[in-house]
Amino acid sequence: MPEPRWRDVARAAGLLRPDGAVASTIFAEMTALATRTGAANLGQGFPDVDGPEHIREAAAAYLREGPNQYAPGPGVPELRSAVAAHQRRHYGLEVDPEREVLVTVGATEAIASAILALVAPGDEVLTLEPFYDSYAATIALTGATHRTLPLRPATEGFRLDPEDVAAAFTDRTRVLLLNSPHNPTGTVLGREQLALLAEQAVAHDVVVVTDEVYEHLTYGPDGREHENLHVPIATLPGMAERTVTISSSGKTLSFTGWKVGWLHGPAELVTAIRTVKQFLTYVGPGALQRAIAGALEDTDGRTGAYVADLRASLRRRRDVLAEVLRDVGFAPLTPAGTYFLVADAAPLGWDDAVELCRQMPERAGVVAIPITAFCTPGSATAGSLRSWVRFTFVKSMPVLEQAAAGLPRLRR
């Protein structure tokens, strides 16, 4: 008898122990350590301050006024139209809100729905490595094979090697599940790097599912905040007709708990994904969708001002954390986007980031996550990044100052 699918999911996530039991994730382990020790939690990537008050007030008003019954399955029309207008305004992409936009319960559901809809057993799904932890588990649900394409650390950040890209695609590759701006490395793939992927996707007739939830949280190299540092792969020649683009309000607007996400793409792909999505959550809360629609439309400019201020604040916090880590002896790489900064602990004398992260709460009063938690267990990429650690800088300055006071205690 075949194993139950949950075992495939646990195995893909590196959680299935030899005795058949399921281990806790490193995220749960680190969060528990943070709670027990009172350590500054730079492991979990969510803000400790909620998003704009005017958006919260709009959601409250919609909840009071109703209706509070099921929203339309594809999402409320206001939000679908706002997503289409956003893509046109920021990227020049023309999207039909009626046939080519689907609202989801966060980006995670959008990813799961897309992979479940578009992939069959025997197919291959290609991701970058390191990869966001839900990707491997979702691929395992389909019975497909998960193949990875390494991001390699360099002085200017993590990069793709053209030879790696050419070797990663095969005749069985069905979907490239892409993430840029990238969690966990903070890499933002530029047009030249994206073109390497686009060329192979076209050559092998691959659908690209792209996770762009950090699209507006990017930091230009010259000290100014560049909203358009992010380039959607759908804007490259030949890619709009084979790309499903995913984003959400959680990161841009600091409402991770609202779980309002969306996707858009060619109508036939969106129809396939909607067929699966309707049997998952069916719909999310209509009041929250309407509030986010107003935020995306941004007729009074308040949302745009909030996002600009958030980018500037995140840049400052990123730079504070990077300086502290550098002074302690880590070798951090400055991220071009996201909430995350990764640093090599080897120069500090630690060659095993898992062991370091387990000791860090007691020794330094700080929680972080080893990069190997975002890699296939035993892979070459996991081996090459064995000493690397991910920190989040989306926390308040007092939390970062607490971490700064404790991190020097890691020196050997």
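Scroll up to find the structure.
Here's a quick rundown of the structure. (Residues numbered from 1 in each chain as written. Predicted model: local features only at pLDDT ≥ 70, side-chain atom pairs only at ≥ 80, totals over all residues. Heavy atoms only, no water.)

1. Re the overall build of the protein chain
- Assigned secondary structure in the protein chain consists of 14 helices and 15 strands.
- For 412 residues, the compact-globule estimate of 2.2 N^0.38 gives 22 Å, and the protein chain sits close to it at 21 Å.
- Going through the 412 residues of the protein chain one by one, you find that 55% of them count as buried.
- In the protein chain, the proportion of contacts linking residues at least 24 apart, taken out of those at least 6 apart, comes to 73%. (Helix = DSSP H or I, 4+ residues; strand = E, 2+ residues; numbered from the N terminus. Rg over C-alpha atoms; globule rule 2.2 N^0.38 Å. Buried < 20%, exposed > 50% of the residue type's maximum accessible area, 1.4 Å probe, protein only. Contact = heavy atoms within 4.5 Å.)

2. Considerations on the sheet that holds strand E2 (residues 101-105)
- Read across the sheet, seven strands follow the order E2-E10-E9-E8-E7-E3-E4 without closing on themselves; strand pairing throughout is mixed. Across the chains shown, the open sheet's two edge strands, defined by having one partner strand only, are E2 and strand E4 (145-150). This sheet shows a mean twist of 25° between the axes of neighbouring strands, independent of strand direction.
- With four bridges connecting them, strand E8 (residues 207-211) and strand E9 (residues 243-248) associate as parallel partners. The residue bridging Asp-211 from the neighbouring strand is Ile-246, located in E9.
- Set on the sheet, helix H10 (residues 286-297) makes contact with E2 and strand E10 (260-264); between it and E10 the angle comes to about 65°. (Pairing = 2+ DSSP bridges. Axes fitted to C-alpha atoms, helices over the stretch in contact; angles between N-to-C directions.)

3. Structural notes on the pattern of salt bridges
- Summed over the entire model, instances satisfying the criterion amount to 16 salt bridges.
- Arg-88 is paired through a salt bridge with Glu-94; the nearest N and O atoms lie 3.2 Å apart.
- Residue classification places Glu-94 among the exposed residues on the basis of a relative accessible area of 59%.
- Residue Arg-152 pairs with Asp-164 through a salt bridge whose shortest N-O separation is 2.7 Å. Of this pair, Arg-152 sits in strand E5 (residues 152-154) while Asp-164 sits in helix H7 (residues 162-168), and the two are twelve residues apart along the sequence.
- Residue classification places Arg-152 among the partly exposed positions, given a relative accessible area of 42%.
- Overlapping salt bridges bring together Glu-124, Arg-147 and Arg-172 as one network. (Salt bridge = Lys/Arg side-chain N within 4 Å of Asp/Glu carboxyl O.)

4. Concerning the packing of aromatic side chains
- According to the stated counting rule, one finds nine aromatic pairs in the structure shown.
- Centre to centre, the rings of Phe-330 and Phe-391 are 5.7 Å apart; their planes meet at 90°, and the pair counts as edge-to-face. Of this pair, Phe-330 sits in the loop between helix H11 (302-328) and strand E11 (331-333) while Phe-391 sits in strand E15 (residues 388-392), and the two are 61 residues apart along the sequence.
- Among the residues examined, Phe-330 registers a relative accessible area of 3% and is labelled buried.
- One aromatic cluster is present, formed by Tyr-214, Tyr-339 and Phe-340 through successive ring pairs.
- Here Arg-390 stacks its cationic end above the ring of Phe-340, 3.8 Å away from the centre of that ring.
- Above the plane of the ring of Phe-46 lies Lys-395, whose end atom (NZ or CZ) is 3.7 Å from the centre. (Phe/Tyr/Trp six-rings, centres within 6.5 Å; stacked < 30°, edge-to-face > 60°. Lys NZ or Arg CZ within 6 Å of the ring centre and 35° of its normal.)

5. Quick notes on the sheet that holds strand E14 (residues 369-370)
- The strand order E11-E12-E15-E14 describes an open sheet built from four strands, whose pairing is antiparallel. In the strand order of this sheet, the two ends are held by E11 and E14, each with one partner.
- In this sheet, strand E12 (residues 340-344) lies alongside E11 in antiparallel orientation, the contact comprising three bridges. Bridged to Leu-333 within E12 is Val-342.
- The sheet contacts of H11 involve E11, E12 and E15, and relative to E12 the element is tilted by about 10°.

6. A closer look at the packing of helix H1 (residues 5-12) against helix H6 (residues 134-142)
- Where H1 contacts H6, the two axes come as close as 8 Å, and the packing angle between them is 150°. One way to sum up the angle between H1 and H6 is to call them roughly antiparallel. The interaxial crossing formed by H1 with H6 has right-handed handedness. Note on element contacts: H6 touches H1 through Ala-136, Ala-137, Ala-140, Leu-141 and Thr-142, opposite Arg-5, Asp-8, Val-9 and Ala-12.
- Across the contact of H1 with H6, the residue classes break down as six nonpolar, one polar and two charged. (Parallel < 35°, antiparallel > 145°, perpendicular 65-115°, else oblique. Left-handed = near helix turned anticlockwise from the far one by under 90°. Nonpolar A, V, L, I, M, F, W, Y, C, P; charged D, E, K, R; others polar.)

7. Quick word on the packing of helix H2 (residues 26-37) against helix H12 (residues 353-364)
- Contact geometry for H2 and H12: axes closest at 9 Å, N-to-C directions at 10°. Compared by their axis directions, H2 and H12 come out roughly parallel. Together, Ile-26, Glu-29, Met-30, Leu-33, Arg-36 and Thr-37 of H2 and Cys-357, Arg-358, Pro-361 and Glu-362 of H12 make up the contact between the two elements.
- Partitioned by chemical class, the residues of the contact of H2 with H12 number five nonpolar, one polar and four charged.

8. Quick word on the nonpolar core
- By size, the foremost hydrophobic cluster in this structure holds 126 residues, and its most contacted members are Leu-197, Phe-330, Met-360 and Phe-391.
- Top contributing element to this core by residue count: H11, with nine residues.
- Among all residues touching Met-360, those that are not within four sequence positions of it are Gly-365, Val-366, Ala-368, Phe-391, Leu-407 and Leu-410. (Core = buried A, V, L, I, M, F, W, Y, C linked by side-chain atoms within 4.5 Å.)

9. Some points on helix H4 (residues 77-91)
- With 15 residues, H4 should cover 21 Å at 1.5 Å per step; its first-to-last C-alpha distance of 21 Å lies within 8% of that length.
- Every buried residue of H4 is accounted for by Leu-79, Arg-80, Ala-82, Val-83, Ala-84, His-86, Gln-87 and Tyr-91.
- Where H4 is buried, its residues meet E2, E9, E10 and H10.
- A positive phi of about 75° marks Gly-92, the residue just after H4. (Expected span 1.5 Å × (residues − 1).)

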